[in-house]
Amino acid sequence: MIYHIIKKNDTLQRISSYYYGDWSLDSFIRDYNKIQDDIHLGQSIQIPIPLYQEQEYIVQGFESYQRISLAYYYTEHYSEKIRSYNEDLILSENAGVTIIIPPLANYKKLKKAFDRLRGEA
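Note that the structure is a prediction, hence the values are computed from the model and not measured.

Visitor: So what exactly am I meant to see when it comes to the nonpolar core here?
Guide: Considering soluble globular proteins, one finds that nonpolar side chains tend to be buried as a cluster. Ranked by size, the top nonpolar core spans 27 residues in total, and within it Ile-15, Tyr-20, Ile-45, Ile-99 and Ile-101 carry the most contacts. If you tally residues by element for this core, the top one is helix 1 (residues 12-20), at four residues.

Visitor: Help me understand a nonpolar patch on the surface, please; the structure alone is not making it clear to me.
Guide: Nonpolar side chains collect at one region of the surface, where Ile-49, Tyr-52 and Tyr-107 lie side by side and expose about 300 Å² of accessible area between them. Within the element layout of this structure, Tyr-52 appears in the loop between strand 2 (44-47) and strand 3 (55-58).

Visitor: Is there a simple way to explain the packing of aromatic side chains in this structure?
Guide: Geometry of an aromatic ring pair is reported as the spacing of the ring centres plus the angle between the planes. Enumeration according to the criterion identifies seven aromatic pairs in this entry. Aromatic side chains Tyr-32 and Tyr-74 sit 4.8 Å apart centroid to centroid with 85 degrees between the ring planes, which places their arrangement in the edge-to-face category. On the criterion of sequence distance, the pair formed by Tyr-32 in helix 2 (residues 26-32) and Tyr-74 in the loop between helix 3 (65-73) and helix 4 (79-85) is long-range, its members being 42 residues apart. Taking relative accessible area as the criterion, Tyr-74 reaches 38% and is therefore assigned partly exposed. Centroid distance Tyr-73 to Tyr-78: 5.3 Å. Interplanar angle 70 degrees. Geometry classified as edge-to-face. Pair check on accessibility: Tyr-73 and Tyr-78 agree, each one buried. Among the aromatic residues, ring-to-ring pairing joins Tyr-20, Phe-28, Tyr-32 and Tyr-74 into one connected group.

Visitor: I'm lost on the pattern of salt bridges in this one. Help?
Guide: Between side chains of opposite charge, a pair can form as their charged atoms come close. Under the definition given, this model contains five salt bridges. With its nearest N and O atoms 2.6 Å apart, the salt bridge here joins Glu-63 to Arg-67. Classification of Glu-63 as buried rests on a relative accessible area of 8%. Between Asp-115 and Arg-118 there is a salt bridge, with the nearest N and O atoms lying 2.6 Å from each other. Of this pair, Asp-115 and Arg-118 both sit in helix 5 (residues 107-120), three residues apart, which is roughly one turn of the helix. With a relative accessible area of 32%, Asp-115 lands in the partly exposed category. One network of salt bridges, with partners in common, ties together Lys-111, Asp-115 and Arg-118.

Visitor: Can you help me understand the side chain of Asp-10 in this one?
Guide: When you line up the elements, Asp-10 lands in the loop between strand 1 (2-5) and helix 1. Nearest to the buried, unbridged Asp-10 among oppositely charged side chains is Lys-7, at 4.0 Å. Looking at Asp-10, its side chain comes within polar contact range of the main-chain nitrogen of Lys-7, at 2.8 Å. Setting aside residues no more than four positions away along its own chain, Asp-10 makes contact with His-4, Ile-5, Ile-15 and Ile-39.

Visitor: Looking at this structure, I do not really get helix 1. What am I missing?
Guide: Every α-helical turn comprises 3.6 residues, leaving residues that sit three or four positions apart pointing alike. The complete set of buried residues in helix 1 reads Leu-12, Ile-15, Ser-16, Tyr-19 and Tyr-20. Along the axis of helix 1, the buried positions cluster into a sector of 100 degrees, meaning they face one direction only. Residues of helix 1 that are buried in the fold lie against strand 1, helix 2, strand 2 and helix 5. A positive phi of about 75 degrees marks Gly-21, the residue just after helix 1.

Procedures and definitions
- Residues numbered from 1 in each chain as written.
- Predicted model: local features only at pLDDT ≥ 70, side-chain atom pairs only at ≥ 80, totals over all residues.
- Heavy atoms only, no water.
- Core = buried A, V, L, I, M, F, W, Y, C linked by side-chain atoms within 4.5 Å.
- Buried < 20%, exposed > 50% of the residue type's maximum accessible area, 1.4 Å probe, protein only.
- Helix = DSSP H or I, 4+ residues; strand = E, 2+ residues; numbered from the N terminus.
- Patch = residues over 30% accessible without salt bridge, like charges linked within 9 Å, V, L, I, M, F, W, Y side chains within 5 Å.
- Areas by Shrake-Rupley, 256 points an atom, 1.4 Å probe, with all protein chains shown as cover.
- Salt bridge = Lys/Arg side-chain N within 4 Å of Asp/Glu carboxyl O.
- Phe/Tyr/Trp six-rings, centres within 6.5 Å; stacked < 30°, edge-to-face > 60°.
- Lys, Arg positive; Asp, Glu negative; His and termini not counted.
- Polar contact = N/O pair within 3.5 Å; in protein donor to acceptor, adjacent residues only side chain to side chain.
- Contact = heavy atoms within 4.5 Å.
- Arc of directions from axis to C-beta.

Here it is in structure tokens:
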């Protein structure tokens, strides 16, 4: 796990861009760290590794997109992303069916950011 200490002028978008090569994953960091309001100077946050390739998942009985989102993305906020990626499949009627969990991060951008970070270490 990577930890980041909030510095002057940091925003979650800048932090997301720095670690992932993609500013739009700021909400992933916010949700993972359960940040309700603004970030604060000196605050320590965790930088989780986002899903960067598709994953297959076999639907269980009484399943919900929210629970699957929580399991793969640490938050329920991406449940609609999973639902639309799987053509609005009704899970309760499709136990045993394999669905696809879409990636949050672009692999090439993520790899480029990680390579850059290794070079800075």
